[in-house]
Amino acid sequence: MGILILFLIAIILAIGIPFGISYLIYRWIKKKGFDKRLQLLALIPVLTVGYFVYDAICPSVEFYKTDFKEVTKIEFPESGVILYKTASFPDHFGDYTSSFLVEFDLTDLKNLENQLKKSGFEERENKMSSKELDYIEKKIGQKKYYKQYVRQRKNGRHYSVGFLDDNKSVIITRVSW
């Protein structure tokens, strides 16, 4: 119950402070008699917080490319196209789950598989399940896994890379706890 109260207080402060600052800026501009267009400056704190909330809820493609590099230890190939993506909201420790479906050309697909073998991934079925991975697996249609590579880190991270039978699609999942 105490954590819930602290969470609610944090939410109220995170929303209340920007709105309060915006209101004070608006009142100050109005009181000084500045041009009404300057009153739009009062929206800056609210829009800034709004951007960060949106970015946390709907991460950019760069977010997934960074996760790709963390998981595979290689840069995201130019031939890669992220088709579907999803991630959980980070908890108060910064832990989250992300899963995304990517298509690569055959050369990059082979390079990825070789890199996974060098990086200590084991070829075995991924037993880790998450709602993010389930969402992505619903998007693949009739495609099936033909190979899966899994790596469990001691720092509470689980990585999986699943190659699909169309010879171009890969599902990458990163879980931390």
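Above this text you will find the structure in question.
Attention in this report is confined to the structure presented alongside it. (Residues numbered from 1 in each chain as written. Predicted model: local features only at pLDDT ≥ 70, side-chain atom pairs only at ≥ 80, totals over all residues. Heavy atoms only, no water.)

**Side note on the overall build of the protein**
What counts, and what does not: Each helix is a run of DSSP H or I of at least 4 residues and each strand a run of E of at least 2, with the numbering of both proceeding from the N terminus. With C-alpha atoms as the basis for the radius of gyration, the globule rule is written as 2.2 Å multiplied by the number of residues raised to the power 0.38. Only heavy atoms matter for contacts: two residues are in contact if any of them lie within 4.5 Å across the pair. Exposure was quantified through the Shrake-Rupley algorithm and a 1.4 Å probe, taking into account, for residues, occlusion by the shown protein chains and nothing else. When charges are counted, neither His nor the chain ends are considered; positive counts come from Lys and Arg and negative counts from Asp and Glu. The location of each charge is read from NZ of Lys, CZ of Arg, CG of Asp or CD of Glu.
Per the secondary structure count, the protein includes five helices and six strands. Counting from the amino terminus, the protein carries its helices and strands in the arrangement α-α-α-β-β-α-β-α-β-β-β. Over its C-alpha trace the protein gives a radius of gyration of 22 Å, far above what one expects of a compact globule, namely 16 Å for 177 residues. Its C-alpha atoms give the protein principal-axis dimensions of about 70 × 40 × 30 Å. Looking at the protein alone, contacts between residues at least 24 apart form 57% of all its contacts between residues at least 6 apart. Counting only carbon and sulfur atoms, one obtains 61% of the accessible surface of the protein, whose full area is about 11600 Å². Averaging the locations of the 27 positively and 21 negatively charged side chains of the protein gives two centres separated by 8 Å.

**Description of unusual backbone geometry**
Just so we agree on the cut-off: Exposure classes here rest on a 1.4 Å probe applied to the protein chains alone. A residue is buried below 20% of its type maximum, exposed above 50%, and partly exposed in between.
In this structure, lysine 73 is a non-glycine residue whose phi angle is positive, near 70 degrees. In this fold, lysine 73 is placed in the loop between α3 (61-72) and β1 (81-87). Look at asparagine 167: it is not a glycine, yet its phi comes out positive at around 60 degrees. Within the element layout of this structure, asparagine 167 appears in the loop between β5 (157-164) and β6 (169-176). Residue asparagine 167 is classed as partly exposed on the basis of its relative accessible area of 44%.

**A look at the packing of aromatic side chains**
For clarity, the threshold we go by: Only the six-membered ring of Trp is used, alongside the rings of Phe and Tyr, when aromatic pairs are assigned; centres must lie within 6.5 Å, and planes under 30 degrees apart are stacked while those over 60 apart are edge-to-face, with the rest tilted.
Scanning the entire structure with this criterion turns up 10 aromatic pairs. Plain terms: the ring middles of phenylalanine 68 and phenylalanine 76 are 5.2 Å apart, the flat faces sit at 80 degrees to each other, and that makes the pair edge-to-face. Here phenylalanine 68 matches phenylalanine 76 in class, with each residue buried. Taking 5.8 Å as the distance between ring centres and 50 degrees as the angle between the ring planes, the aromatic pair formed by phenylalanine 68 and phenylalanine 104 counts as tilted.

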